[in-house]
Amino acid sequence: MTPFLYVSHPQVKVDADLPVPLWGLSEIGIARTRAFAHDPALLAFGRIVSSDEVKAKETAALLAEALRLPVEVRPAMHENDRSATGYLAEAEFQAVANQFFAQPLESVRGWERAVDAQARIVHEVEAALADAPQTPPIFVGHGGVGTLLLCHLAGYPISRAHDQPPVGGGCWFQSASDRTPDRWRAMEEALTP
């Protein structure tokens, strides 16, 4: 398997009047991404492949600027579809997200089922890897589908136990034929070459 890095977007500007996919990065999210972009281990990657959501594209653009790489956009790398509920206040969102992971075969409040979101992100990553198998990519996406991808790659059952640490997003994991991801790491933790 082509080695790759999966990075989730960091903190966003929450705007209850905008659809969630249109939210952009906050100043903290921008600063964290800029700092992360200078990790020398990122030079091992030759492509940046992003979800079509604004916060992911902004994260990808900051990495692309530092690494002097173009950004490829794959719309099907989007976060799990939560449009049935739209914006939820933090406590309610966390409760529904817990259900999403705990009941992967069910559509919780109209959200995309976890098993379907997992199949979609796995397919997109595999298709992108097949497009350029000699060029290790950085995938820029989201915590929910990223966790589902990590569970698939590590052979874990779908569970929120494998979700990002509570640092506001901006986490990563690596995968390769000789490296199975075990957990998310915050952007502040240096990559291992």
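Rules behind the numbers
Residues numbered from 1 in each chain as written. Predicted model: local features only at pLDDT ≥ 70, side-chain atom pairs only at ≥ 80, totals over all residues. Heavy atoms only, no water. Salt bridge = Lys/Arg side-chain N within 4 Å of Asp/Glu carboxyl O. Buried < 20%, exposed > 50% of the residue type's maximum accessible area, 1.4 Å probe, protein only. Core = buried A, V, L, I, M, F, W, Y, C linked by side-chain atoms within 4.5 Å. Helix = DSSP H or I, 4+ residues; strand = E, 2+ residues; numbered from the N terminus. Polar contact = N/O pair within 3.5 Å; in protein donor to acceptor, adjacent residues only side chain to side chain. Contact = heavy atoms within 4.5 Å. Axes fitted to C-alpha atoms, helices over the stretch in contact; angles between N-to-C directions. Parallel < 35°, antiparallel > 145°, perpendicular 65-115°, else oblique. Nonpolar A, V, L, I, M, F, W, Y, C, P; charged D, E, K, R; others polar.

(A) Expanded view of the pattern of salt bridges. Counted by the stated rule, this structure contains 14 salt bridges. Residues Glu79 and Arg82 are paired through a salt bridge, measuring 3.9 Å at the closest nitrogen-oxygen approach. With relative accessibility at 9%, the residue Glu79 sits in the buried group. A relative accessible area of 19% means that Arg82 is categorised as buried.

(B) Structural view of the nonpolar core. Core analysis: the biggest nonpolar cluster contains 26 residues, and Phe4, Tyr6, Ile121, Phe139 and Leu149 have the highest contact counts within it. Only β1 (4-8), α3 (90-102), α4 (114-131), α5 (143-154) and β5 (171-175) provide two or more residues apiece to this core. Ranked by size, the runner-up nonpolar core spans 19 residues in total, among them Ala56, Ala60, Leu67 and Leu69.

(C) Expanded view of the environment of Ser83. Structurally, the position occupied by Ser83 is in the loop between β3 (71-73) and α3. A polar contact is formed between the side chain of Ser83 and the side chain of Asp81, at a distance of 2.6 Å.

(D) The side chain of Glu53, seen in detail. Along the polypeptide, Glu53 turns up in the loop between β2 (47-50) and α2 (54-67). At 2.9 Å, the side chain of Glu53 and the side chain of Lys55 are in polar contact. When neighbours within four sequence positions are excluded, Glu53 is seen to be in contact with Val20, Pro21, His78, Glu79 and His142.

(E) Expanded view of the packing of α4 against α5. Contact geometry for α4 and α5: axes closest at 9 Å, N-to-C directions at 75°. Classed by the angle they form, the pair α4 and α5 counts as roughly perpendicular. The residues of α5 that touch α4, namely those facing Ala114, Ala117, Gln118, Arg120, Ile121, Val122, Val125 and Glu126, are Val145, Leu148, Leu149, Cys151 and His152. Among the residues forming the contact of α4 with α5, the class breakdown is nine nonpolar, two polar and two charged.

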